[in-house]
Amino acid sequence: MSKTENTATAAEVRAEAPQAPEGFLTVRDLRVHFPTDDGLVKSVDGLNFSLEKGKTLGIVGESGSGKSVTSLSIMGLHRMGTKRGAPRISGEVWLDGEELIGASPDRVRQLRGQKMAMIFQDPLTAMHPYYTVGAQIIEGYRAHHPGTSKKQARVRAIEMLDRVGIPQPDKRVDAYPHEFSGGMRQRAMIAMALVNDPSLLIADEPTTALDVTVQAQILDLIRDLQKEFGSAVIIITHDLGVVAELADDILVMYGGKCIERGPASTLFESPEHPYTWGLLGSMPRLDRELQDRLIPVKGTPPSLINVPSGCAFHPRCPYAELTGGRSTTEVPTLAEAADKHFAACHLPIADRHRIFTDEIAPRL
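Residues numbered from 1 in each chain as written. Predicted model: local features only at pLDDT ≥ 70, side-chain atom pairs only at ≥ 80, totals over all residues. Heavy atoms only, no water.

In the annotation of an unreviewed UniProt entry, the chain is listed under the name Peptide/nickel transport system ATP-binding protein and assigned to Kitasatospora atroaurantiaca. Here is the UniProt Subcellular location (unreviewed entry) comment for the chain, exactly as written: "Cell membrane". (UniProt positions renumbered as here; feature names shortened; annotations may be inferred.)

Printed below as a string of structure tokens:
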């Protein structure tokens, strides 16, 4: 082979290699499918989004929509499953210019905890019951700072417990997870996630099973720590109310896909997708008198093994008949409905605006 041919081949390889995006976190065409005896579970099926440092993205949707699977894929935790149940993961996840899906498990392990961290839904099961809270924070810190002594790491653990608002941190550092209340365990989990100053923080249902007052405290804590560390934050929840004031942008998932995405203020003021209308209509409001009963989204979420043809939401959509049959045969694409506001819906934009103005907005 000539030198010219070698050069051409190298150039072709470079051209085919994926190009790093400019954003801090970028997800491109992420697909996570789980093979089972009953069929292929398409938990995430072609997801795209990006997030800058210092910004918060809220990912919302019902249980089974693919929210948590997305977060675990970013963290590289799906690779820890058994070979038989290992998912089929494709697409790209770029974190600060580095692609994670194709990275080695060792490299992802280095980044996990140091550059990206996660607050899990249930801290009581996420934390080891046989080790003290402090020991678990210390272990996470020393894993990424090998030259640090246990004494130095303990000082760091106490500092983090104090920072997240746990009283008497010098004593509580030696307590076990079961000795903490639910809110304190969640704070300890946040301390553990932030001990290495990660640039990306993922919070998966961080306020589940907590009372309303503690929920507000946890969300305020995440907001304050984000300002302090300048981290990019992803809040995963089924409750739009949780991200109403916390998120800069919101991504609504349904059936493993993004069906609406846009700035939080725009999405709350003029949502574009009938599913989002349903979520907003089923959410209680404290800033106005309740005139009617809350209206739930009819039906149940789709099976991710047998996702309905066309628009996955069409069996539950009260406006599916207005699409001329397209909703049952064609998968809608995510199209821009307004500035930086995208929706995947076959309803013409004019019809969506008319329906929202005349029928939906008066009930919200």
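Caption draft 1: Fine view of the packing of aromatic side chains. Summed over all chains, the structure comprises five aromatic pairs. For the pair tyrosine 275 and phenylalanine 313, a centre-to-centre distance of 5.4 Å together with 65° between the ring planes defines the contact as edge-to-face. Placement of the pair is tyrosine 275 in helix H12 (residues 274-281) and phenylalanine 313 in the loop between H12 and helix H13 (326-329), with a sequence separation of 38 residues. Of the residues examined, tyrosine 275 reaches a relative accessible area of 0% and is grouped as buried. Ring centres of tryptophan 277 and phenylalanine 356 lie 6.2 Å apart, and the angle between their planes is 35°; on these two criteria the pair is classed as tilted. In this pair, tryptophan 277 sits in helix H12 while phenylalanine 356 sits in helix H14 (residues 349-360), placing the two residues 79 residues apart along the sequence. An aromatic cluster is defined as three or more aromatic residues linked by ring pairs; in this entry it consists of Tyr254, Tyr275 and Phe313. When the ring centre of phenylalanine 24 is taken as origin, the NZ or CZ atom of lysine 53, which lies over that ring, is 5.6 Å away. (Phe/Tyr/Trp six-rings, centres within 6.5 Å; stacked < 30°, edge-to-face > 60°. Helix = DSSP H or I, 4+ residues; strand = E, 2+ residues; numbered from the N terminus. Buried < 20%, exposed > 50% of the residue type's maximum accessible area, 1.4 Å probe, protein only. Lys NZ or Arg CZ within 6 Å of the ring centre and 35° of its normal.)

Caption draft 2: Looking closely at unusual backbone geometry. Residues other than glycine seldom take positive phi values, yet aspartate 197 does so here, at roughly 55°. Note on placement: aspartate 197 falls in the loop between helix H8 (182-194) and strand E7 (200-204). At lysine 340, a position not held by glycine, the phi torsion is positive, near 60°. Residue position: lysine 340 is located in the loop between strand E11 (335-338) and strand E12 (341-343).

Caption draft 3: Just the pairing of E11, in detail. Pairing geometry for E11 and E12, over three bridges, is antiparallel. Along E12, the bridge assignment pairs alanine 335 with alanine 343. The turn joining E11 and E12, which pair antiparallel and follow one another in sequence, is formed by two residues; a positive phi near 60° is taken by lysine 340. (Pairing = 2+ DSSP bridges.)

Caption draft 4: Examining H12 more closely. Within H12, eight of the eight residues are buried, which leaves the element mostly enclosed by the surrounding structure. For H12, every residue scored as buried is listed here: Pro274, Tyr275, Thr276, Trp277, Gly278, Leu279, Leu280 and Gly281.

Caption draft 5: Region of interest: the environment of valine 133. Looking at the element boundaries, valine 133 is found in helix H5 (residues 133-144). Between the C-alpha atoms of valine 133 and arginine 107, which are 26 residues apart in sequence, the distance is 26 Å. Apart from residues no more than four positions distant in its own chain, valine 133 is found in contact with Met127, Leu161, Val173, Ala175, Tyr176, Pro177, Phe180 and Ala188. (Contact = heavy atoms within 4.5 Å.)

Caption draft 6: A look at the pattern of salt bridges. Taken as a whole and assessed by the stated rule, the structure comprises 17 salt bridges. The closest approach of N and O atoms between lysine 257 and aspartate 45, which form a salt bridge, is 3.4 Å. Of this pair, lysine 257 sits in strand E10 (residues 257-263) while aspartate 45 sits in strand E2 (residues 39-51), and the two are 212 residues apart along the sequence. A relative accessible area of 30% means that lysine 257 is categorised as partly exposed. Judged by relative accessible area, aspartate 45 falls into the buried class, the value being 12%. Between arginine 156 and glutamate 159 there is a salt bridge, and its shortest N-O distance comes to 3.3 Å. Placement of the pair is arginine 156 and glutamate 159 together in helix H6 (residues 150-163), with a separation of three residues, close to one helical turn. Judged by its relative accessible area of 13%, arginine 156 falls in the buried class. Here glutamate 159 falls in the partly exposed class, since its relative accessible area comes to 33%. (Salt bridge = Lys/Arg side-chain N within 4 Å of Asp/Glu carboxyl O.)

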